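So you can see what is in the structure, the chains are spelled out below.
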Amino acid sequence: MKKRAGTPNKSKKIHRSAAKKRAGGEPADAGRFYYKGNRHKQLRAFVSVVKLGTLTRAAEALFLSQPTISLQLQALERELGVSLLERRRRRINLTDAGEALYELARPLVEGWDTLDRDFQARVKGLQAGRLTIAAGTSTIQYLLPELVRRYREQYPAVQLQLANVTGKDGLALLRADEADFAVGSMLDVPNDIAWAPVQHYDPMLIMPPDHPLAAKEKITLEDISPYGLILPPQRLSTYRLVDLVFQQRQVPYHVAIEVGGWDVIKEYVAMGMGISIVTGICITAADHAQLAVRNMKQYFPQRGYGVVMRKGKFLSAEARAFVDLIRPGLLTHRDYDEPGHSGR
């Protein structure tokens, strides 16, 4: 009788145990099955970690906690039976298996994120969609107008945004996927960025027509030294490049005015407030009427302007159409399609 009386209690314990398992009360089973069956979230976390370099950045980008990202990665590695990432102190590196998976997963994940937009573009023939291009003031003012005009004629329904930013801010937009690509010049190309130059411009010294240096055909750095320069702000690459050349040649120089915008600089030079070294992209036919212009390529390097994008970026149909206007087939090489680790 006592044995039969004890049976229901044992049965209750069994049912409670089963209920506990179903509720995820046992950590071992929960860890095993919690993320199973949601491969898209696992791959999205994996791709984000590879692109951004750390679990913390990936968690911020996906609006998840770092432990959640870690669990998704562990589940993915367990289900595939391979190690995908080498977790080191400051960053994460891909294993050979991780490289293979990233090459397969990246276009799937990024394609999924833009599926609705790409579908509408494909069905309507680029009659819908959005394109964001990051560029500096000189690029927007001198290089892009004709390209934008042609693009608007061919794809009038695409919402086009030109983000006027410095080079550093443009890279930040690319890394955050807030811009499809950038157009501009680069002095240093980070490991996670691909750059395909399409136009090159010589450096030019500009001065008023009655300036003492205007009578000379060939001008040296020593000739420039006594005169005050008008340059863009120090945070911009032009200022840094001018400073670097003078420092390397050990020629003294001084900046009379720092001001932003090539048009403002040209106007101040024409008014006799100083001379300047600018990139040839900003010199127009009208400028030759009010300025004396001399080529300085014997001292300063050419500046290349082209398409800048994050390696591994999956370009939308709208973006590819614009790049083809810049130069057809520009992105047929594989550099832009390779994953790269950020140098930040």
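Preceding block: the structure.
Residues numbered from 1 in each chain as written. Predicted model: local features only at pLDDT ≥ 70, side-chain atom pairs only at ≥ 80, totals over all residues. Heavy atoms only, no water.

(A) Spotlight on helix α4 (residues 55–62). All of the buried residues along α4 are Leu55, Ala58, Ala59 and Leu62. The buried residues of α4 occupy an angular sector of 100° when the element is viewed end-on, so they sit on one face. Looking at the buried positions of α4, the neighbouring elements they touch are α3 (39–52), α5 (66–80) and β2 (92–94). Phenylalanine 63 sits one or two positions beyond α4 and adopts a positive phi of about 60°. (Buried < 20%, exposed > 50% of the residue type's maximum accessible area, 1.4 Å probe, protein only. Helix = DSSP H or I, 4+ residues; strand = E, 2+ residues; numbered from the N terminus. Arc of directions from axis to C-beta. Contact = heavy atoms within 4.5 Å.)

(B) Structural detail: helix α15 (residues 317–326). Burial analysis of α15 places seven of its ten residues in the buried class, the great majority of the element. Of all the residues in α15, the buried ones are Glu318, Ala319, Ala321, Phe322, Val323, Leu325 and Ile326.

(C) Broad picture of the sheet that holds strand β11 (residues 292–295). Spatially, three strands are ordered β10-β7-β11 in an open sheet, and the strand pairing comes out antiparallel. Because the sheet does not close on itself, it has two edges, and the strands there are β10 (276–279) and β11. Going across the sheet, the axis of each strand differs from the next one's by a mean of 35°, ignoring polarity. Looking at chain direction, strand β7 (residues 203–207) and β11 are connected through four bridges and run antiparallel. Following the sheet pairing, methionine 204 is matched in β11 by asparagine 295. In the packing of helix α13 (residues 262–270) onto the sheet, contacts are made with β7 and β10, and the angle to β10 comes to roughly 145°. (Pairing = 2+ DSSP bridges. Axes fitted to C-alpha atoms, helices over the stretch in contact; angles between N-to-C directions.)

(D) Quick peek at unusual backbone geometry. Unusually for a residue other than glycine, phenylalanine 63 sits at a positive phi of about 60°. Summarising the element assignment, phenylalanine 63 is placed in the loop between α4 and α5.

(E) Quick look at the nonpolar core. Membership of the largest hydrophobic core comes to 39 residues, with the highest contact counts inside it found for Leu131, Tyr151, Phe181, Val278 and Phe322. For this core, the elements supplying multiple residues, two or more each, are β3 (130–135), α9 (145–154), β5 (181–185), β6 (193–201), β7, α13, β12 (303–310) and α15. By size, the runner-up hydrophobic cluster in this structure holds 21 residues, among which are Phe46, Val47, Ala58 and Leu73. (Core = buried A, V, L, I, M, F, W, Y, C linked by side-chain atoms within 4.5 Å.)

That's the geometry; what it means functionally is another story.
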